[in-house]
Amino acid sequence: SWSSIMNGLIHRTILFTILILCGLSIGQIEHWPWYDSIYYAIITLTTVGYGDIAPSTQKGRLFAIFFIPLSIAHGGQLLFGTAISSLLQKRREKYYTSLYTADTFNMGNLHEMDSNHNNLVNVQEFVEFMLVKMELVDKRLLRDLHDQFKALDVTKSGYLSKRDLQVMAKQKVRQAKAKHDKYEGKEEDK
């Protein structure tokens, strides 16, 4: 989705900026010009490492001990993370869309999806089954959501409506009144 692409881009931009700032920090320690510091950071994070620029001071080498492994790890993520995650996402989508097509759908699938055992699979049953099968939600979460729905459906109509809200409001008023009356009764006993 667009938001995940933007989040990934923002994450990678921040990561790249941090790596460049680390390169500039080593350059500061080593008294390199800024362009050599950026060059060093890029050469290091891409693992090219020509060796033409390297820290020579003790502080610079100590900094490099931490910078080099971190920059290589994050450089790989920067360079290949997007391509690999995009490829994996496409493979996952292809797999899940191929799970139940007209060619593969059978009675076993129907019985597995049919949560209310009426030999019919409605949209809700299909979607919930697929979400569990795709490991995007687990059965416990779905059960909890169904329980939450049942608790909100105080009219037991199978739908949430304005009437449910009205009944809940009346129940709250009754509960508040009962609590108030109970409190008033305790006050009179004193």
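Summarised in this report is the structure supplied together with it. (Residues numbered from 1 in each chain as written. Predicted model: local features only at pLDDT ≥ 70, side-chain atom pairs only at ≥ 80, totals over all residues. Heavy atoms only, no water.)

The next thing to look at is the overall build of the chain. A tally of helices and strands in the chain yields seven helices and zero strands. Starting at the N terminus and ending at the C terminus, the chain contains elements arranged as α-α-α-α-α-α-α. Relative to a compact globule of 190 residues, whose C-alpha radius of gyration would be 16 Å, the chain shows 31 Å and is clearly more extended. Dimensions of the chain along its principal axes, counting C-alpha atoms only, are 80 × 70 × 25 Å. (Helix = DSSP H or I, 4+ residues; strand = E, 2+ residues; numbered from the N terminus. Rg over C-alpha atoms; globule rule 2.2 N^0.38 Å.)

Time to look at a nonpolar patch on the surface. A cluster of nonpolar side chains, Leu-62, Ile-65, Phe-66 and Leu-70, forms an exposed patch at the surface whose accessible area comes to about 440 Å². Here Leu-70 is to be found in helix H3 (residues 58-99). (Patch = residues over 30% accessible without salt bridge, like charges linked within 9 Å, V, L, I, M, F, W, Y side chains within 5 Å. Areas by Shrake-Rupley, 256 points an atom, 1.4 Å probe, with all protein chains shown as cover. Salt bridge = Lys/Arg side-chain N within 4 Å of Asp/Glu carboxyl O.)

Right, let's get into the packing of aromatic side chains. Following the criterion strictly, the structure yields three aromatic pairs and no others. Arranged with centres 5.8 Å apart and planes meeting at 85 degrees, the rings of Trp-34 and Tyr-35 form a pair that is edge-to-face. Following the ring pairs from residue to residue traces out a cluster consisting of Trp-32, Tyr-40 and Phe-67. (Phe/Tyr/Trp six-rings, centres within 6.5 Å; stacked < 30°, edge-to-face > 60°.)

Our focus in this paragraph is the packing of helix H5 (residues 123-133) against helix H6 (residues 139-152). The geometry of H5 relative to H6 is characterised by a closest axis approach of 9 Å and an angle of 145 degrees between their N-to-C directions. Taken together, the residues of H6 that come into contact with H5 (itself represented by Gln-124, Glu-128 and Val-132) are Lys-139, Leu-142 and His-146. Among the residues making up the contact of H5 with H6, the classes are represented as two nonpolar, two polar and two charged. (Axes fitted to C-alpha atoms, helices over the stretch in contact; angles between N-to-C directions. Contact = heavy atoms within 4.5 Å. Nonpolar A, V, L, I, M, F, W, Y, C, P; charged D, E, K, R; others polar.)

What follows is about unusual backbone geometry. One non-glycine residue, His-31, lies in positive phi territory at about 65 degrees. The class of His-31 is exposed, set by a relative accessible area of 70%. Backbone geometry at Asn-119 places phi at a positive 60 degrees, although glycine is not the residue there. Summarising the element assignment, Asn-119 is placed in the loop between helix H4 (107-113) and H5. (Buried < 20%, exposed > 50% of the residue type's maximum accessible area, 1.4 Å probe, protein only.)

The next point concerns the side chain of Glu-125. Assignment of secondary structure puts Glu-125 in helix H5. No salt bridge forms around the buried Glu-125; measuring N to O, its nearest opposite-charge neighbour Lys-150 is 12 Å away. Every residue in contact with Glu-125, bar those within four places of it in the chain, is listed here: Met-113, Asp-114, Ser-115, Asn-116 and Leu-120. (Lys, Arg positive; Asp, Glu negative; His and termini not counted.)

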